[in-house]
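Observations on the three-dimensional arrangement
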Amino acid sequence: MSDFPEFTVRVDQNPYLPAGGREMHAIVSVEARSSGGPGPVAAAAGRAPAAEIIMIDTSGSMSYRGKMAAAKRAARAAVNVLRDGVHFAVVAGANRPRMVYPQGERLVRADAASRRGAVDAVGRLEAAGGTAIGSWLRLADRLFTGHDAVAEGAVKHAILLTDGKNQHESDEELDAALRLCAGRFLCDARGVGTDWDVAELRKITSALLGGFLDVPDPADLEADFLAMTRAAMGKQVADVALRVWTPQQARLRFIKQMVPAVEDLTGRRSESGAQTGDYPLGAWGEENREYHLCVEVQPGDVGRQMRAAWVKLVAGDQVLASGNVIAEWTDDEARSTRINGRVAHHTGQSELAEAIQQGLEARREGDEDTATARLGRAVVLAREVGNQQISGLLDKVVDVVDPARGTVRLKRDVAKADEMSLDTRSVRTVRTRHGDEAGG
Amino acid sequence: MNADQHTPVALCRTCGEPVNERDRFCEECGRPDPTTPKTPPLGTALPHASRRPAPGGALQAPDPVPRQARSPERASGPTPPPGEGGAAGGPCVDCGGGAVGADGYCEQCGLRQPSGREHVEAEAGRFGAAVSDLGLRRSRNEDAFALAALPAGVCAVVCDGVATAPGSEEASRLAAEAALDVLTARVTAGADPRGAMRDAAARAGEVVAGLPGDPDSSPACTFVSAVVDAAGITVGWVGDSRAYWLSPAGSCRLTTDDSWASSMIEQGAMSAEDAWADRRAHVLTAWLGADAGPLDPHVAAFRPTGPGLVVLCSDGLWNDLPEPSDLAAVALTGREGPLDAARRLLRAALDAGGHDNVTVAVLRYPPPGPSRERGR
Ligand SMILES: [Zn+2]
Ligand SMILES: [Zn+2]
């Protein structure tokens, strides 16, 4: 068993509600720091056992524009940063998945020899055939399941690279595979080129508690794979959940991850007690994440105080950290109308992601009025929350006439890559400073 | 027939006058939300909570605090059971079903339970009385008082927990009780009240400094106490809780605040107006607590020439009524009992906004003799 990192939970909110008020918002920030202190030895000691599967799309289209060569470089780079003792495999995906390394359906322990073997095998990959991602994920699940007996509590992580849509199996087949794999392993994905489907990768990585990014230029793949693999190698605890207690008669309206990216967790609830539900958060290394929680409570009398939610970070039965969301009713309007700066910021980021996705969807459907209105709103919000990356991406899709009022014109010629990039990164948020309580 | 006539009558939790359950304000004293219907009658579910006077205004000495009786007669604020919540471990007074956790919140409905300190009253015979109230803007009462009759007089302590330091609710209660213990024991044994006062403050300081707390914000409170006997009035204080002398012949403040504004004015560095307008005006320069440094309580003694009242109070009262003449106008007008005077002062603070916890102790000078002056 590894040593868990030290977790801390911090709650930002304005606890004051007006008389009769029922909706309480709070930002829950979770930070994990290595308990072993700095230094590579301590860090290594704190790591959980890990298993890593690298899945490379080898469909026919990968042979164009240098994608296959870039994918091989990326996969080799990833294999080379696997630390000794990690169990791994490399899988090639097409109509059917195929073991690249090792031979036979199993994982192999990483050491100098197995890394060299994997690098050689990756070098012999060739592109042919179609795309059936559900079948790739099922193979990954079989490999991880076979490994479970070896290392209980291991961080199980997969990297998925594709350049196309899931055309060689039905949506139902993919959905069934996702249902099978959800909760069994984590998966981060990369879409290379411009022929893949943003919504599809979003669905896959959302179900498998991972993230995805667009890599329009194959040359950038290698750096991306390195970063993903290093992050996976840094995980110290495999399965963390956010356990949320709410008062009887209360309703958790939503809980969303906000940092590093917007992800609605509300539907992932599994009941864990009379008034508690667990939301899986996947594996954790040294990192910070932030969650926006909204709970609807029964109003209390002015002057009364209520615990509106009690959040606990749990790994199995172990509580790693906890925090309280408080509600207090007041007739002091100055207090009840004050908006917590961080709640406002994250509300803006949520709305920004929504506006972009709706705007782009409308644009694809030819509804230019809606597209103009939604993307115009996105321009305003991106400025408000200070998300400069999104502002820059919006500039490639619309001409901004008045950035303060959100007056925009849709650009006639938009590069496919720019649109996909905006769609993909719409959920990537910017952090707020912890001391930032401004907003009223 | 008018249905309202059959509405059960409740009692205002500030002044004790009958009010209809649905009244949003008490007609007698103007307190908003006078009955707080969701809270059960204090004194049943919360064993040490306040006692209300009987309707009709017939004042009775309250029962002694229902725990081991002490000698001499003693009355003080309630003692919550372990944990913060008044009903910790017991059933929730709001939903009836949930258990109350050690932190005072119901494990079922989530509501923080009343601590029993929302409104507390006590009397020490006819010598004195005290009232402590949450006020209208705070969710907890961090003020506390302790009050006891002496063989030939009365003594009282008022403490105001520093709201920014967690644990101060406990600090003020323990400080008041510890100081009262020392005062009653020493004065009853014949000690000079001034010396007893110093010992009492020192003991209270020790108790607060010994409370667990984080080093950056230890539990803390202010302190003001008085001994009133036939020989005169002795007051002692640390911080900005105050003592006043109120009499028809003239009224004055008996203490000087240990606060930033006070020291600016004293040094002649600023005008009173400017000093009080400054953000730092209320910053304490002395208090009880682990981070307070060596304790040097102020002690002063007086011998008034005529009868009057000694008032000890937290800043929840004097913030709104700083002038001795303002306090005298409220305290000396109306029914004469010290409890009536304390309630009138509380009411005045609530009428002025009730922004903070309010605690007032009113002690009579000279202490009434064994034969009643007034045939009640
Ligand atoms: Zn009243
Ligand atoms: Zn309850």
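Residues numbered from 1 in each chain as written. Chains lettered and ligands numbered in written order. Predicted model: local features only at pLDDT ≥ 70, side-chain atom pairs only at ≥ 80, totals over all residues. Heavy atoms only, no water.

Quick notes on the sheet that holds strand β15 (residues 308–313) of chain B
Residue and element names in this part refer to chain B. Definition in use: Being paired, for any two strands, means DSSP has found at least two bridges between them. By definition, any uninterrupted DSSP run of H or I lasting at least four residues is a helix, any uninterrupted run of E lasting at least two residues is a strand, and each is numbered from the N terminus. Contacts are assigned to residue pairs that have any heavy atoms within 4.5 Å of one another. Orientation is described by axes fitted as lines to C-alpha atoms, over the contacting stretch for helices, and by angles from 0 to 180 degrees between their N-to-C directions.
In space, the six strands of this open sheet follow the order β4-β5-β16-β15-β11-β12, with antiparallel pairing throughout. Whereas interior strands pair on both sides, the edge strands pair on one side only; in this sheet they are β4 (119–124) and β12 (252–253). Summarising the sheet, strand β5 (residues 128–133) and strand β16 (residues 358–365) pair through six bridges and their orientation is antiparallel. Within β16, the position partnered with A129 by the bridge is V362. Running at roughly 65° to strand β11 (residues 242–246), helix α6 (residues 324–331) makes contact with β11, β12 and β15 of the sheet.

Structural notes on the domain arrangement of chain A
In many analyses, interface size is given as the accessible surface area lost on bringing the parts together. Residue and element names in this part refer to chain A. Counted only if it meets this: Boundaries of every domain are those given by an automatic assignment or by a domain database. Take the accessible area each of two parts loses on contact, using a 1.4 Å probe, and add the two losses: that sum is the buried area. Just to be clear on terms, a salt bridge is a Lys or Arg side-chain nitrogen sitting within 4 Å of an Asp or Glu carboxyl oxygen. Counting of polar contacts relies on pairs of N or O atoms within 3.5 Å, with two restrictions inside protein: one atom must be capable of donating a hydrogen and the other of accepting it, and residues adjacent in sequence are counted only when both atoms are side-chain atoms.
According to the domain assignment, chain A consists of domain 1 (6–41 + 238–338), domain 2 (49–233) and domain 3 (342–425). When each unit is reduced to the centre of its C-alpha atoms, the spacing between domain 1 and domain 2 is 33 Å. Each side of the interface is counted separately: domain 1 has seven residues, and domain 2 has six residues. Buried surface at the junction of domain 1 and domain 2, both sides included, amounts to about 490 Å², of which 61% is carbon and sulfur. Where domain 1 touches domain 2, the interface holds zero salt bridges. Across the contact surface, domain 1 and domain 2 share two residue pairs in polar contact (both at pLDDT 80 or more). Broken down by element, the residue count for the side of domain 1 that touches domain 2 peaks at four residues, all from strand β15 (residues 276–284).

Let's talk about the coordination of the zinc ion (ligand 2)
Keep this limit in mind: Water is not among the atoms examined, so metal sites may look incomplete; donors are the N, O and S atoms within 2.8 Å of the metal, or within 3.2 Å for Na, K and Ca. For a four-donor site, all angles between 85 and 135 degrees give tetrahedral; for four or six donors, opposite pairs above 155 degrees with the remaining angles between 65 and 115 give square planar or octahedral; all remaining cases count as irregular.
C92 of chain B (SG), C95 of chain B (SG), C106 of chain B (SG) and C109 of chain B (SG) make up the full set of protein donors to the zinc ion (ligand 2), lying at 2.2 to 2.3 Å. Coordination at the zinc ion (ligand 2) is tetrahedral, judged from the four donor atoms that bind it and the angles of 105 to 115° they form at the metal.

Considering the layout of surface pockets
Residues and elements named next belong to chain A. The condition is simple: Only protein atoms enter the calculation, which uses a 1 Å grid: trapped sets of points that fit a 1.4 Å probe without letting it out are cavities, open sets showing protein on both sides within 12 Å along at least five of seven lines are pockets, and any residue with an atom within 4 Å of a point is a lining residue. Grid points are joined across faces, edges and corners, and a volume is the space filled by probe spheres set on the points.
The calculated volume of the largest pocket comes to roughly 1,100 Å³. Taken together, 46 residues make up the lining of the largest pocket; nearest its centre are G210, G211, Q257, P260 and A261. In terms of residues, the lining of the largest pocket owes the most to one element, helix α7 (residues 221–233), which gives five residues.

Some details on the nonpolar core
Residues and elements named next belong to chain A. Keep this limit in mind: In this description, a nonpolar core means a group of buried Ala, Val, Leu, Ile, Met, Phe, Trp, Tyr and Cys residues linked to one another through side-chain atoms lying within 4.5 Å. Note on classification: 1.4 Å probe, protein chains only; a residue is buried when its accessible area is under 20% of the maximum for its type, exposed when over 50%, partly exposed between these limits.
In this structure, F7, L242, V244, W284 and L293 are the most contacted members of the largest nonpolar core, which totals 39 residues. It is strand β17 (residues 305–315) that contributes the most residues to this core, six residues altogether. The contacts of W284, once residues within four sequence positions are left out, are F7, V30, A32, K235, Q236, V237, V240, R289 and Y291. Judged by nonpolar contacts, the second largest core, of 38 residues, contains A75, V119, A121 and L221.

Details of the pattern of salt bridges
All names here are of chain A. Applying the stated criterion across every chain, the model contains 38 salt bridges over all chains. A salt bridge links R202 to D423, with the nearest nitrogen and oxygen atoms 3.2 Å apart. Taken together, the residues R202 in helix α6 (residues 198–207) and D423 in helix α12 (residues 416–425) connect sequence positions 221 residues apart. You'll find R202 and D423 in the same group, each marked buried. Through salt bridges that share partners, R202, E361, R363, R364, E419 and D423 make up one connected network.

A word on the sheet that holds strand β16 (residues 287–296) of chain A
All names here are of chain A. The strand order β1-β3-β16-β12-β13 describes an open sheet built from five strands, whose pairing is antiparallel. Each edge of the open sheet carries a strand with a single partner, namely β1 (6–12) and β13 (263–264). Packed onto the sheet, helix α9 (residues 341–364) meets β1, β3 (23–33), β12 (251–259) and β16 and runs at close to 90° relative to β3.

Digging into α6 of chain B
Residue and element names in this part refer to chain B. Going by this rule: Arc definition: directions from the helix axis to the C-beta atoms.
Buried residues of α6: P324, L327, A328, V330 and A331, and no others. Each buried residue of α6 sits inside an arc of 165° when the element is viewed along its axis, so together they form one side. Looking at the packing, one finds that the buried side of α6 touches β11, β12, β15, α5 (315–318) and α7 (338–351).

Here we look at the interface of chain B and chain A
For the record, the criterion: In this classification, the charged set is Asp, Glu, Lys and Arg, the nonpolar set is Ala, Val, Leu, Ile, Met, Phe, Trp, Tyr, Cys and Pro, and all remaining amino acids, among them Gly, are polar.
Taken together, the contact pairs 17 residues of chain B with 16 residues of chain A. Summing the contributions of chain B and of chain A, the shared interface buries around 1,500 Å²; its carbon and sulfur component is 38%. Sorting the residues of chain B by area buried against chain A places Y105, Q108 and R137 of chain B first, and these three jointly supply 34% of that buried surface. Across the chain B-chain A interface, the total number found is one salt bridge. A salt bridge links D94 of chain B to R304 of chain A; the shortest N-O distance between them is 2.8 Å. Counting across the interface, chain B meets chain A through eight residue pairs in polar contact (both at pLDDT 80 or more). In terms of residue class, the side of chain B that touches chain A is built from six nonpolar, four polar and seven charged.

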